[in-house]
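# Chain and residue survey
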Amino acid sequence: MDRLVAIMARLRDPVHGCSWDVAQTWATIAPYTIEEAYEVADAIARDDAADLKDELGDLLLQVVFHSRIAEDAGTFTLDDVAAAVSDKMERRHPHIFGDADATPGWEAIKAAEREGQSDTSALAGVAVALPALMRAVKLQNRAARVGFDWPDGDGALAKVHEEIAEVATATGDAVEEEIGDLLFAVVNWARHLGIDPEAALRRGNAKFERRFRGMEGIAGDAFAALPLADKEALWQRVKHG
C-alpha cells in the first residue's frame, strides 16, 4: 500500500510527475472510478478471480488518486479516508465493537448519523449519480424502511399494470414521464420478488446479444437486407435451438 501511495505521489509531482496525472481533478477522474467499479462487478459476474484481483487493484488506485488530489489541495489524506470509514464501521456495529447487547437497527443508526444534517429525510444520501435502476431500488428500500411500501408483491404488480395503462393513453411529453413511472414500478415489483433489476437487465442484455449474434451467424452478410418476417423466423430458430 505504501508503494502505491508513493507511486501516486510521484505521478502527481508538479515538477517531475506525469502531466496527465497532475492535470486531473475529482471531476475528471470520477468517470474512471465508476468504470472501474463496473469492471469489478463484471469480474465477479464471470467468477474470474484473477481478473477480480486486477480490477480491485484498479479500483483501489482510484481511491488513492482521489485522496492524493485532496492531499495536494490540503483537504484530506488517504489516512483520513481510512479513519473515517473505520469510525463508520465501528459506529454502525455497536454490538460488535461497542458495549451494546444487540444492534439498535439500521434505521436507528442512520437516524443518529443524520442528526445535525440539514437533510433529515429517510431518502437523504441516495446519490443522484447512481445508475437509475440502482437508485430506484435504494429509494424504494429507504421508503420501505419507514413503512411506505406494498405489503406484498401483488400491490406492486397491480401498480405495474396501472402504469402500463397510463403509458398507453399518454401523449406528447407525458409519454416520457409515464415510461419513467412504469420503469420505477417494474423495479418495485422486482424488489418484492427478491430480484436485483440491474442484474436482471444485465442478463437480459447478454441474452439478447447472444441471440442476435446467433442470427447474424446464420444469415451472414445477408442479415441486414432480410425482411422482418425472416428475421423473426431466425430469432425463433436461435431462441429455441
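Sequence order sets the numbering: in each chain, residues are counted from 1 along the sequence as written. A pLDDT threshold of at least 70 governs which residues receive local features in this predicted model, and a stricter bar of 80 or more applies before side-chain atom pairs are shown or counted, although totals over entire chains, interfaces and linings include all residues. With hydrogens and water stripped out, all remaining heavy atoms of the structure feed into the side-chain values.

Turning to unusual backbone geometry, a few remarks are in order. Most peptide bonds take the trans form, and the phi angle of most residues other than glycine is negative. One non-glycine residue, Asp47, lies in the positive phi region at around 55°. The helix count covers DSSP runs of H or I at least four residues long, the strand count covers runs of E at least two residues long, and both are numbered beginning at the N terminus. Within the fold, Asp47 resides in the loop between α3 (26–45) and α4 (49–72).

Moving on, we get to the environment of Arg3. Take Arg3: it is sitting in helix α1 (residues 2–11). Separated by 19 residues in sequence, Arg3 and Val22 have C-alpha atoms that sit 19 Å apart.

On to helix α9 (residues 153–169). Over its 17 residues, α9 extends 25 Å from the first C-alpha to the last, a length consistent with the 24 Å expected when each residue adds 1.5 Å. In what follows, residue pairs with any heavy atoms lying within 4.5 Å of each other are defined as contacts. The inward-facing, buried residues of α9 contact α10 (174–192). Nitrogen and oxygen atoms within 3.5 Å of one another constitute a polar contact, given that in protein one can donate a hydrogen and the other can accept it, and given that sequence-neighbouring residues count only through two side-chain atoms. Taking the backbone nitrogen of Asp154 as reference, a side-chain oxygen 2.9 Å away marks Asp152 as the first, capping residue of α9. Multiplying 1.5 Å by the residue count of a helix minus one yields the expected span of that helix.

This next bit is on a negative patch on the surface. A cluster of like negative charges, contributed by Asp173, Glu176, Glu177 and Asp181, occupies part of the molecular surface. Along the chain, Glu176 turns up in helix α10. Relative accessible area decides the class of each residue, using a 1.4 Å probe on protein chains only: under 20% of the type maximum gives buried, over 50% gives exposed, and in between gives partly exposed. Glu176 gets classed as exposed once you look at its relative accessible area, which sits at 67%. Residues forming no salt bridge and having over 30% relative accessible area are the ones grouped into patches, like charges within 9 Å of each other and nonpolar side chains (Val, Leu, Ile, Met, Phe, Trp, Tyr) within 5 Å. Note on areas: these come from Shrake-Rupley sampling with a 1.4 Å probe, and a residue is covered only by the protein chains present in the view. The working definition used for a salt bridge is a side-chain nitrogen of Lys or Arg within 4 Å of a carboxyl oxygen of Asp or Glu. Charged residues are defined here as Lys and Arg on the positive side and Asp and Glu on the negative side; His and the ends of the chain fall outside this count. Charged side chains are reduced to one point each, which is NZ for Lys, CZ for Arg, CG for Asp and CD for Glu.

Here the focus is the side chain of Glu36. Note that Glu36 resides in helix α3. Buried and unpaired, Glu36 has Arg46 as its nearest opposite-charge partner, separated by 10 Å. When sequence neighbours within four positions are dropped, the list of residues in contact with Glu36 reads Glu55, Asp58, Leu59 and Gln62.

Bringing helix α7 (residues 106–114) into the picture now. All of the buried residues along α7 are Ile109, Lys110, Glu113 and Arg114. The buried residues of α7 all sit within an arc of 135° when viewed along its axis, so they share a single face. The secondary structure elements touched by the buried residues of α7 are α5 (78–91), α6 (94–97) and α8 (132–145). Where α7 ends, the next residue or the one after it, Gly116, has phi of about 90°, a positive value. To obtain the arc, one takes the directions from the helix axis to the C-beta atoms.

Next up on the list: the layout of surface pockets. One number sums up the size of the largest pocket: a volume of about 350 Å³. Using a grid of 1 Å spacing that covers the protein atoms alone, one calls a set of points a cavity when a 1.4 Å probe fits there but cannot get out, and a pocket when the set is open and has protein on both sides within 12 Å along at least five of seven lines; lining residues are those with an atom within 4 Å of a point. Along its surface, the largest pocket is lined by 14 residues, and Gln140, Phe148, Trp150, Phe184 and Asn188 are the ones closest to its centre. Looking at the lining of the largest pocket, the elements with two or more residues in it are α8, α9 and α10. Of the residues forming the lining of the largest pocket, the biggest block, five residues, is contributed by α10. For the lining of the largest pocket, the class distribution of residues is seven nonpolar, two polar and five charged. Grid points are joined across faces, edges and corners, and a volume is the space filled by probe spheres set on the points. Basically, the charged four are Asp, Glu, Lys and Arg, the nonpolar ten are Ala, Val, Leu, Ile, Met, Phe, Trp, Tyr, Cys and Pro, and anything else, Gly included, counts as polar.

Residues Met1, Leu60 and Val63 make up a contiguous nonpolar surface patch of about 250 Å² in total accessible area. Relative to the assigned elements, Val63 resides in helix α4. Residue Val63 is classed as partly exposed on the basis of its relative accessible area of 36%.

Turning to the packing of aromatic side chains, a few remarks are in order. What counts as a ring pair is set by centres within 6.5 Å for rings of Phe, Tyr and Trp (its six-membered ring), and what kind of pair is set by the plane angle: stacked under 30 degrees, edge-to-face over 60, tilted for all other angles. According to the stated counting rule, one finds six aromatic pairs in the structure shown. Taken together, the ring pairs connect Phe208, Phe212, Phe223 and Trp235 into an aromatic cluster. When the ring centre of Phe223 is taken as reference, the NZ or CZ atom of Lys231 above it lies at 5.2 Å. Counting as a charge over the ring demands two things of the Lys NZ or Arg CZ atom: a distance within 6 Å of the ring centre and an angle within 35 degrees of the ring normal.

Treat this as a map of the structure, not an account of what it does.
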